[in-house]
Structures are given as structure tokens and as C-alpha cells.
Amino acid sequence: MNREYLKWYSRRLQRDMEMLVFGHAGARLLVFPTRAGRFYDYEDWGMVHALSEHIEQGWVQLFCIDSVDAESFYCERCHPYNRIRRHQKYEDYIIHEVLPVMNEKNPNPFIIAHGCSLGAYHAMNITLRHPDLFKKVVAFSGRYDLTQPMGWFRDLFDGYYDDLVYFHTPCHYIPLTTDPHLLEKLRRLEIIFAVGEEDAFANNNRHLSHLLRLKEISHNLHIWAGEAHKPRYWRRMVVQYV
């Protein structure tokens, strides 16, 4: 299996960012790490191994990127105003730096956003915000409203709210999306998300599914037994849904 390590200084984030690439061809899978995770976690948790046949057969190529969650959503010393703006810079880095690198490596037009836990949020949010750049999203154990406490997970903005928070909260902007051209693009997406029935985010997943259904945006929500918020579940999910 082809394995490649990449590192460059991001002008947008003003820091070095790292990436691992697995495979040589196929649909391009952009992999977000979990909360404050690293680019190597997906491999360390056996997720790459779980997809080894897909990778070796040239069905999919993985691009596993780093996070800046400790500088954005989970930067407790930062004001929420700065947290969401750091996240916006992270999205800019992905669109203007990561995607061009992916294009150079592999011209396949089919790009899938994928992640687990907070990585699922990243994958879902960037896909719904930029449906012209992605064809599919596969999200596991995600939380799609970071403004609300769920279980022991707190409100990541501490009650703060502004337009940028709104435009990065799928459960807020989907209901108010009315542009017919944007809705047409959203309806062409392949949206797959899964969550455990005992997960703290289960009801939030059901709520997002309801909101998508109201907008006639096709999708598949899979409810797994138990909490299912661990790599041993994600390894099984990824083979089924990617």
C-alpha cells in the first residue's frame, strides 16, 4: 500500500500542518481527525487497515489531515469570537491548500468528506457548506450543533452567538436555506451518517435527519446498538458506508 507523509507551512493558519496519504487512485477520501486529534490517529486506530482492500484495489485514496481544534473550539482561554474565526481559517486552509494538493495527487473528481466524533462535524459541515466541492459525506458519532450542551459535552461557545457561528452550525442554517440553486446542489449529495442509539449525540443526529428531510435532501441515518462511539465500531461502519 502506498503511504506518503506530507508537511508544509500553512500561510492561512500560520503554522506547519501535516498529512498522511494512503493509496494511489480512486475516489478521494478527506479524513478529519476526532476532537483535537492528529493526522496519524486514523491509521493508529486501525481504520486504514479496515479499508485496506478499498485502498489497494484503487477504489479510494485517503488524505488524513491534522486538526486545530485545540486552537478553535476547544481553546478555553480564547474568547468564542476568536474560536469560530480560527475554525473559519481552518476551513480556508482545507479549501485553498488541502484540496489543491489532493487535486495534484489524484484528479478523480469524486471527493468524500469523512470523520468520526468531532471529525464528523467537520466533514458534515464543510460538505453542506460547499456542496459544489464534495460528492459524498460519511460521518460517524457526530454532533452537528456545537452551541448546545449534550450529555457531558458542553456548549463550545459558552453562550456566545454571531453570524459566523450560525453559518457553521448545520442544525441552524439548513432550516433557513431557501436558495433553489443551493438546495439543488445539496439534494445531489450522498449523505451518510451513523450514531449509536445510546450516544449523547443520538437525538441531535435524528434532529439533523429531520431537518434534511424537511428540505427534501436525501440522506441515510443509521442507528447502531449501544453507544458505538469508539474505533472498534467505526472500523465496522467505514467498510459498510464508504
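Presented here is a report on the structure given in the accompanying data block. As the structure is a computational prediction, the values presented were derived from the model and not from experiment. (Residues numbered from 1 in each chain as written. Predicted model: local features only at pLDDT ≥ 70, side-chain atom pairs only at ≥ 80, totals over all residues. Heavy atoms only, no water.)

1. Considerations on the state of the cysteines
- For the structure shown, the criterion picks out one disulfide.
- Counting only cysteine sulfurs, C116 is the nearest neighbor of C64, a cysteine outside any disulfide, at a range of 11 Å.
- Classification of C64 by relative accessible area gives buried; the value is 1%.
- C171 carries a free sulfur, and the closest cysteine sulfur to it, the one in C116, is 18 Å from it. (Disulfide = S-S within 2.5 Å. Buried < 20%, exposed > 50% of the residue type's maximum accessible area, 1.4 Å probe, protein only.)

2. What to know about the packing of aromatic side chains
- In the structure shown here, the tally under the stated rule is 14 aromatic pairs.
- With centroids separated by 5.9 Å and ring planes inclined at 90°, the aromatic side chains of F73 and F157 adopt a geometry described as edge-to-face. Of this pair, F73 sits in the loop between β4 (60-65) and α4 (80-105) while F157 sits in the loop between β6 (136-140) and α6 (163-166), placing them 84 residues apart in sequence.
- The class of F73 is buried, set by a relative accessible area of 0%.
- On the basis of relative accessible area, F157 is assigned to the buried category, the value being 2%.
- Taken together, a centroid distance of 6.0 Å and an interplanar angle of 85° make the contact between Y144 and F193 edge-to-face. Of this pair, Y144 sits in the loop between β6 and α6 while F193 sits in strand β7 (residues 190-196), placing them 49 residues apart in sequence.
- Judged by its relative accessible area of 0%, F193 is buried.
- Grouping aromatic residues by their ring pairs yields a cluster made of W8, F32, Y90 and Y93. (Phe/Tyr/Trp six-rings, centres within 6.5 Å; stacked < 30°, edge-to-face > 60°. Helix = DSSP H or I, 4+ residues; strand = E, 2+ residues; numbered from the N terminus.)

3. With respect to the packing of α4 against helix α5 (residues 118-129)
- Interaxial distance between α4 and α5 falls to 12 Å at its minimum, and their mutual angle equals 70°. As judged from the angle between their axes, α4 and α5 are roughly perpendicular. Along its contact with α4, which presents H87, Q88, Y90, E91, I94 and I95, the element α5 presents Y121, H122, N125, I126 and R129.
- Counted by class, the contact of α4 with α5 contains five nonpolar, four polar and two charged residues. (Axes fitted to C-alpha atoms, helices over the stretch in contact; angles between N-to-C directions. Parallel < 35°, antiparallel > 145°, perpendicular 65-115°, else oblique. Contact = heavy atoms within 4.5 Å. Nonpolar A, V, L, I, M, F, W, Y, C, P; charged D, E, K, R; others polar.)

4. Re the pattern of salt bridges
- Here the structure, examined in full by the defined rule, presents 16 salt bridges.
- Residue E190 pairs with K136 through a salt bridge whose shortest N-O separation is 3.7 Å. Here the residue E190 occupies a position in strand β7, and K136 occupies one in strand β6, the gap between them amounting to 54 residues.
- For E190, a relative accessible area of 35% corresponds to the partly exposed category.
- Look at K136 and you get buried, because its relative accessible area is 6%.
- Taken together, the shared-partner salt bridges in this structure form one network comprising E76, R83, R154 and D158. (Salt bridge = Lys/Arg side-chain N within 4 Å of Asp/Glu carboxyl O.)

5. Topic: the sheet that holds strand β8 (residues 220-224)
- Read across the open sheet, the eight strands follow the order β1-β2-β4-β3-β5-β6-β7-β8; overall the sheet is mixed. The open sheet has two edge strands, β1 (3-10) and β8, and neither has a second partner. The mean angle between the axes of side-by-side strands here comes to 15°, regardless of whether they run parallel or antiparallel.
- Lying on the sheet, α5 is in contact with β3 (27-32), β5 (111-116), β6 and β7; it crosses β5 at an angle near 150°. (Pairing = 2+ DSSP bridges.)

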